[in-house]
Amino acid sequence: MNKKGMMVILSAPSGCGKDTVFKEICKIRNDVCESVSATTRKPRPGEIDGVNYFFKSTEEFEKMIETNSFLEYASYNGCYYGTPSAPVLAAVENGKICFLIIERKGAQKIMKNYPDAVSVFLMPPDIKTLEHRLRKRNTESEEAIKNRLRIAQFEIEDSSRFTYVLVNNELEKAVAGLNEILDAELALRNKK
Ligand code: 5GP
């Protein structure tokens, strides 16, 4: 019998280190992959189209909505973000653990429509640490940073909807925690 794959929602306030945690988990497992989202946000320096995101115009993104191309999409900080369906469904079919690294509203849609998906919220140690990390990136206006912090408060208050909450205080511990969650969830799905 083929090994079953699964979708894993990894959500966290912007600047909480979810991309770093994902990069670390890729170093220790060969059964994980990441969905590449589409967005109307402008690329940050160093970001590559088709690798970090599929960068789209609003018109292009809205065409994708019309043609039902997304598992979920949401607007965040004035831009659209969405998970293209086909690659995720194919990856899960092929036994992969496919990560959706997405914000709160999109996470809720996936939890509702795909109750089998595992949901993990990565919690910042505290708001001050989060603010420091966001400012250190030095890529956004004061207004955008303030808005990301406002959104972070909502996200933290909403975290009880997730099956697992991991505090990202020490990277190594967060990665080890996530690794255990993945092993446990895979074992549940493949126990027959
Ligand atoms: P950033 O602009 O920092 O790359 O991303 C902003 C937020 O959008 C982050 O919380 C990120 O996880 C989330 N995000 C990225 N891709 C998607 C997506 O496809 N769908 C949703 N709902 N959120 C996304």
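Residues numbered from 1 in each chain as written. Predicted model: local features only at pLDDT ≥ 70, side-chain atom pairs only at ≥ 80, totals over all residues. Heavy atoms only, no water.

> Even after reading the chapter, I still don't get the overall build of the protein, so can you show me in this structure?
Across its full length, the protein holds 7 helices and 9 strands. Its C-alpha atoms give the protein a radius of gyration of 16 Å, within 12% of the compact-globule value 16 Å for 192 residues. Along the first, second and third principal axes, the C-alpha atoms of the protein reach 55 × 40 × 30 Å. Expressed as a percentage of the 192 residues in the protein, the buried residues total 46%. When contacts within the protein are restricted to residue pairs at least 6 apart in sequence, those whose partners lie at least 24 apart make up 71%. Each charge class in the protein was averaged separately, 29 positive and 27 negative side chains, and the resulting centres sit 1 Å apart. (Helix = DSSP H or I, 4+ residues; strand = E, 2+ residues; numbered from the N terminus. Rg over C-alpha atoms; globule rule 2.2 N^0.38 Å. Buried < 20%, exposed > 50% of the residue type's maximum accessible area, 1.4 Å probe, protein only. Contact = heavy atoms within 4.5 Å. Lys, Arg positive; Asp, Glu negative; His and termini not counted. Charge placed at Lys NZ, Arg CZ, Asp CG, Glu CD.)

> Could you clarify how one ought to interpret the packing of helix H1 (residues 18–28) against helix H7 (residues 171–189) in this entry?
For the pair H1 and H7, interaxial distance at closest approach is 10 Å and the crossing angle is 60 degrees. Overall, the two elements H1 and H7 adopt an arrangement that is oblique. Two packed elements cross with a definite hand, and for H1 against H7 that hand is right-handed. Residues Thr20, Val21, Glu24, Ile25 and Ile28 of H1 form the contact with H7, whose participating residues are Leu171, Ala174, Val175, Leu178, Asn179 and Leu182. Residue composition of the contact of H1 with H7, grouped by class: 8 nonpolar, 2 polar and 1 charged. (Axes fitted to C-alpha atoms, helices over the stretch in contact; angles between N-to-C directions. Parallel < 35°, antiparallel > 145°, perpendicular 65-115°, else oblique. Left-handed = near helix turned anticlockwise from the far one by under 90°. Nonpolar A, V, L, I, M, F, W, Y, C, P; charged D, E, K, R; others polar.)

> Mind showing me how you'd approach the packing of aromatic side chains here?
What describes a pair of aromatic rings is the distance from one ring centre to the other and the angle between the planes of the rings. For the structure shown, the criterion picks out 10 aromatic pairs. On the numbers, 6.3 Å between centres and 70 degrees between planes, the contact of Phe61 with Tyr73 is edge-to-face. Highlighted residues: Phe61 in helix H2 (residues 58–66) and Tyr73 in strand S5 (residues 70–76), separated in sequence by 12 residues. A centroid spacing of 5.3 Å and a plane angle of 55 degrees characterise the contact between Phe121 and Phe162, whose relative ring orientation is tilted. (Phe/Tyr/Trp six-rings, centres within 6.5 Å; stacked < 30°, edge-to-face > 60°.)

> How should I be thinking about the environment of Ala152 in this particular structure?
With respect to the helices, strands and loops of the structure, Ala152 is situated in helix H6 (residues 142–157). The class for Ala152 is buried, based on a relative accessible area of 0%. The spatial distance from the C-alpha of Ala152 to the C-alpha of Glu66 is 30 Å, given a sequence separation of 86 residues. Ignoring any residue separated from it by four or fewer positions in sequence, one finds Ala152 in contact with Pro13 and Leu130.

> It is not clear to me how the nonpolar core should be interpreted in this structure. Could you clarify?
Within soluble globular proteins, side chains that are nonpolar generally end up buried alongside one another. Residues Val8, Ile25, Ile97, Phe99, Val120, Leu178 and Leu182 are the most contacted members of the largest nonpolar core, which totals 27 residues. Only strand S1 (6–11), H1, strand S7 (97–101), strand S8 (118–123), helix H5 (127–137), H6 and H7 provide two or more residues apiece to this core. Of all the elements, H7 adds the most residues to this core, at 6 residues. For Leu182, the contacting residues outside a window of four places in its chain are Met6, Val8, Ile25, Arg29, Val32, Ile97 and Phe99. Core analysis: the next-biggest nonpolar cluster, separate from the first, contains 15 residues, Ile9, Val88, Cys98 and Ala107 among them. (Core = buried A, V, L, I, M, F, W, Y, C linked by side-chain atoms within 4.5 Å.)

> In this structure, what is going on with the layout of surface pockets? I would like to understand it.
Sizing a probe to match a water molecule and rolling it over the atoms shows the empty space that remains. In this model, the largest pocket occupies a volume close to 970 Å³. Residue lining of the largest pocket: 31 residues in total, with Lys18, Asp19, Arg44, Tyr53 and Ile101 positioned closest to the centre. Residue assignment for the lining of the largest pocket shows that the elements contributing at least two residues are H1, S5, strand S6 (79–84) and H6. The element contributing the most residues to the lining of the largest pocket is H1, with 5 residues. Among the residues making up the lining of the largest pocket, the classes are represented as 10 nonpolar, 9 polar and 12 charged. (1 Å grid on protein atoms, 1.4 Å probe; cavity = no way out; pocket = protein on both sides within 12 Å on 5 of 7 lines; lining within 4 Å. Points joined across faces, edges and corners; volume = space filled by probe spheres on them.)

> Sorry, what's going on with the packing of H5 against H6 here?
Axes are the key here: two packed helices are described by the angle between their axes and the distance separating the axes. Across the interface, H5 lies against H6 with an axial gap of 11 Å and an inter-helix angle of 145 degrees. The crossing of H5 and H6 is right-handed. Of the residues in H6, those touching H5 at Ile127, Leu130, Glu131, Leu134, Arg135 and Arg137 are Glu142, Ile145, Arg148, Leu149, Ala152, Gln153 and Ile156. Of the residues belonging to the contact of H5 with H6, the class tally is 7 nonpolar, 1 polar and 5 charged.

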